[in-house]
Amino acid sequence: MKVGVLSDIHGNLEALTAVLDFFSRKGVERILSCGDIVGYGPDPVACIELLQKVGALGVAGNHELGVLRKTPLARFNPLAVIGIHWTGDQLLDGHRFYLDGLPLVFRFGPLHIVHAAPAEPAEWEYVFSVDDADEQMGAFFTDICLIGHTHIPLMTEKVAKQPARMIKKEGFFIREDAKYLINVGSVGQPRDGDPRAACMIIDLNEKQITLYRVEYDIARTQEKIRRAGLPEELALRLAQGR
Ligand code: ZN
């Protein structure tokens, strides 16, 4: 079975649509989301409804809980707070109900899915480095933990008691004797300098994991951000991948 993994869509419908098209061309049968479907971007409603339509499974991110006021807004940066208020005004009860039903942790076969660092899912700690990842390897009990939150892809592997190491290739085969902590990057607001949407395909039969980048119509999303009256900075950063 091929599983498509996405994270941090952030209301970017053009990026999400491009990734879902890519997944269907690749024969993906199940879609998993590591959270932050909404926030920052101009299409929260369409992104929620599209994920529901394709039967995506997954977890809530801090932006979902921010919109639902279940995590303090004081913990968000000022741009995020503007996005959270704007997003809240767009949602109907059904969309809130859907977001409210997302768990903080979700298990799919060998995959442990959580938005931020797995040790304390509601604390929203970032995993930026291989050292950060190493500290988290005892916090999940499956072979593979999938996270988002930083908007920067990071693939790490730990064998026995050796320190975790970074996997620098885009694709690799899963070892039987290793644990993996993988940040899939962001669909709708990448911050690693590559503006293309990030996503991942896990082939559970072939035991292969591959990161991909998918081009989408950035100018169209920027135009929608401006028309929605959201901050210009949110439009500009999409083209820079920052
Ligand atoms: Zn995010």
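As a starting point, this report considers the structure included with it. (Residues numbered from 1 in each chain as written. Predicted model: local features only at pLDDT ≥ 70, side-chain atom pairs only at ≥ 80, totals over all residues. Heavy atoms only, no water.)

**Focus: the pairing of strand E1 (residues 2–6)**
Phase 1: Taken across its five residues, E1 has four buried, putting it largely inside the fold.
Phase 2: With four bridges joining them, E1 and strand E11 (residues 197–203) adopt antiparallel strand pairing. Paired with valine 5 across the bridge in E11 is methionine 200.
Phase 3: Bridging between E1 and strand E2 (residues 30–33) involves four bridges; their strand directions are parallel. (Buried < 20%, exposed > 50% of the residue type's maximum accessible area, 1.4 Å probe, protein only. Helix = DSSP H or I, 4+ residues; strand = E, 2+ residues; numbered from the N terminus. Pairing = 2+ DSSP bridges.)

**With respect to the packing of helix H1 (residues 13–25) against helix H2 (residues 44–53)**
Phase 1: Close contact between H1 and H2 brings their axes to 9 Å; oriented N to C, the two are set at 20°. Taken together, the axes of H1 and H2 are roughly parallel relative to one another. H1 and H2 meet at a crossing whose hand is left-handed. Seen from H1, the contacting residues are Leu13, Leu16, Thr17 and Leu20; seen from H2, they are Ala46, Cys47, Leu50 and Leu51.
Phase 2: When its residues are assigned to classes, the contact of H1 with H2 shows seven nonpolar, one polar and no charged. (Axes fitted to C-alpha atoms, helices over the stretch in contact; angles between N-to-C directions. Parallel < 35°, antiparallel > 145°, perpendicular 65-115°, else oblique. Left-handed = near helix turned anticlockwise from the far one by under 90°. Contact = heavy atoms within 4.5 Å. Nonpolar A, V, L, I, M, F, W, Y, C, P; charged D, E, K, R; others polar.)

**Comments concerning the packing of aromatic side chains**
Phase 1: Scanning the model with the defined rule gives four aromatic pairs in all.
Phase 2: With a centroid separation of 5.4 Å and 15° between ring planes, the pair formed by tyrosine 126 and phenylalanine 128 is classed as stacked.
Phase 3: Under the relative-accessibility criterion, tyrosine 126 is labelled partly exposed at 41%.
Phase 4: Site record: aromatic cluster; members linked through ring pairs are Phe22, Phe23 and Tyr212.
Phase 5: Over the aromatic face of phenylalanine 140 sits the side chain of lysine 179, whose NZ or CZ is 4.4 Å from the ring centroid.
Phase 6: For the cation-ring pair, arginine 237 lies above tyrosine 40, with the distance from its terminal atom to the ring centre recorded as 5.8 Å. (Phe/Tyr/Trp six-rings, centres within 6.5 Å; stacked < 30°, edge-to-face > 60°. Lys NZ or Arg CZ within 6 Å of the ring centre and 35° of its normal.)

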